[in-house]
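# An overview of the molecular structure
These are the residues of each chain, in order.
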Amino acid sequence: MASTITAVSVGLGLSCSSTRKLTQTRNPSSSRLSFCSIKMAVSVEEEKKKKSFTLEKSEEAFSAAKVKINHYSFDFLLPLQMMGFDCNVNLRSLVSNFDLLRPNVCGSMNMIVVFVDLGLSKEMMPGGVNSPVRAFKSVGGQPILFDSVKGSHMRDIDGNEYIDYVGSWGPAIIGHADDKVLFFSTAICIFSTYERLSFRESLGTQDCSYSILLEKWRITKSRVLAALAETMKKGTSFGAPCLLENVLAEMVIKAVPSIEMVRFVNSGTEACMGVLRLARAYTGREKIIKFEGCYHGHADPFLVKAGSGVATLGLPDSPGVPKAATYETLTAPYNDIAAVENLFENNKGDICGIILEPVVGNAGFIPPQPEFISALRRITEENNALLIFDEVMTGFRLSYGGAQEYFGITPDLTTLGKIIGGGLPVGAYGGRREIMEMVAPAGPMYQAGTLSGNPLAMTAGIHTLKRLQEPGSYEYLEKITSELVQGIIDAGKKTGHAICGGNISGMFGFFFTEGPVHNFADAKKSDTAKFARFYQGMLREGVYFAPSQYEAGFTSLAHTAEDIQKTIAAAEKVLRQI
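Scoring rules and cut-offs
- Residues numbered from 1 in each chain as written.
- Predicted model: local features only at pLDDT ≥ 70, side-chain atom pairs only at ≥ 80, totals over all residues.
- Heavy atoms only, no water.
- Helix = DSSP H or I, 4+ residues; strand = E, 2+ residues; numbered from the N terminus.
- Pairing = 2+ DSSP bridges.
- Contact = heavy atoms within 4.5 Å.
- Axes fitted to C-alpha atoms, helices over the stretch in contact; angles between N-to-C directions.
- Buried < 20%, exposed > 50% of the residue type's maximum accessible area, 1.4 Å probe, protein only.
- Right-handed = clockwise from strand over helix to strand, strands pointing away.

### Some points on unusual backbone geometry
- Pro 441 follows Ala 440 through a cis peptide bond whose omega is 10°.
- Secondary-structure assignment places Pro 441 in the loop between α12 (433–436) and α13 (455–468).
- In this structure, Pro 516 follows Gly 515 across a cis peptide bond, with omega equal to 0°.
- Mapped onto the elements of the fold, Pro 516 is located in the loop between β18 (507–511) and α15 (520–523).
- Even without being glycine, Ser 168 reaches a positive phi, approximately 60°.

Below is the structure:
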């Protein structure tokens, strides 16, 4: 039998003279399919053309319940081995035949990329997204479906390119994937084989000029992806110990002042769940203090006056959370020492500890006031309670040792995520040995995970942390980020807007209010309607911020001086318009 498959190029500047139709044949006596291949040409002239801003394909994909199969070869031969059905099949049909969609090696090819853009639909997923803040509810307009990422830039399925200040919500501190391999949130299969690459082990220089740093970044990104490719050949998950866990654990312990032992998990939410259970097990107490606007994942005990998507969507404490789950959760305004002291006074002997984002990132960027964190350290010690830093965002971002190294305050326990997985799903919690030895199997507090410490996440984390160890990395992040934030604030004031903001290293934020902003109540004074107009205007200018006033922004080692200047110029243009 014969069938036709349509190869589509979307949003990557790939240009064919016409839509390609490829015929494949099936041997009636065999279930295996024969190949046909095509080399897709890249039109340089088309790539250079200025493209008008449109989200037509995002709108279509967001509304549709279809699946579109795209084949990109990037000047590599792409063998197509697929079932005999049209590319506009429904999702159920595609998934049921997934085992027949795997790419295979052909000849001397060294890379294969086959992926599927899932047509997002409110009929298939709640709100059409898999994480609430992505839905654009607070900024209005059409949620964007992205197609590819590279360095400091993102490209959507309509072909619009953006300077990215979300960085996958923090992990992409050394920048997004290079040309060889593209990471897609909707990828079903990335590649099956990839020729092993060799790289210089060292640049042979300690020159920390920005041109050298950028060159180091390019080399590192290729090194990370090559290491991932090599690791995938050995298997993606063992369900058993692997040596890579030891390597990353040693790096984390050496870097983070509070961590003497560490347990790897699969997300920041999971890390915070584990650390809360551990704090309660170790102290024998149940009450925990958290701060208004701080987000520690979506576990039941933390969904009280939470930040992130909860704040963005203006949700009350989440339905479905039993009162008993949050009964032991106490809250205080961030930066309010007196409120914390009052909670301890009114709950003597009952509080196991304090958990906080040392720099708030889930209610916008809110740094601690002088003496706030040191006061928390004093209060917890006086009350035999534990101080817990949720460094899922700040870990390895404010400094190599995280916020605790930056501020010089050592907590008892720490949660990590994002950066330590190099963009792959990961989390961790760790702390003093005597506390961590409560964790099973060393102790009685039970916590487990099927994919914990999987070799892919460990590999990506190891190579990311190696890059961050290189001299000048954090100086570069501080330089470009402070220039960015100051440029936006200056542009806002020049154009008559109330605006304030700041940064620490590669983490930043700004609010449309005179400020200062010291807590979530202050953050809520920001003009969110104005932010929504600013956000939409910046999208049209090719700049992608988090789609919420209540989320911090992130820069990376891949951002250039040109990126920063383009962003500031775009901000001034948009601020004049609104």
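### Quick word on the sheet that holds strand β19 (residues 543–544)
- Read from one edge of the open sheet, 4 strands run β7-β8-β9-β19, paired in mixed fashion. Single-partner strands in this sheet number two, and they are β7 (146–150) and β19.
- Where strand β8 (residues 153–156) lies against strand β9 (residues 161–164), 3 bridges are found, and the strand directions are antiparallel. Bridge pairing in β9 places His 153 opposite Ile 163.
- Across the face of the sheet, helix α17 (residues 561–577) comes into contact with β8, β9 and β19 while running at roughly 105° to β9.

### Description of the pairing of strand β13 (residues 351–356)
- Counting buried positions over the 6 residues of β13 gives 6, a clear majority of the element.
- One ladder, built from 3 bridges, connects strand β11 (residues 287–291) with β13; its direction is parallel. Its bridge partner lying in β13, Lys 287 is registered against Ile 351.
- Looking at chain direction, β13 and strand β14 (residues 386–390) are connected through 4 bridges and run parallel. The partner of Ile 355 across the bridge, within β14, is Ile 388.
- Traced from β13 through helix α10 (residues 372–382) to β14, the parallel crossover comes out right-handed.

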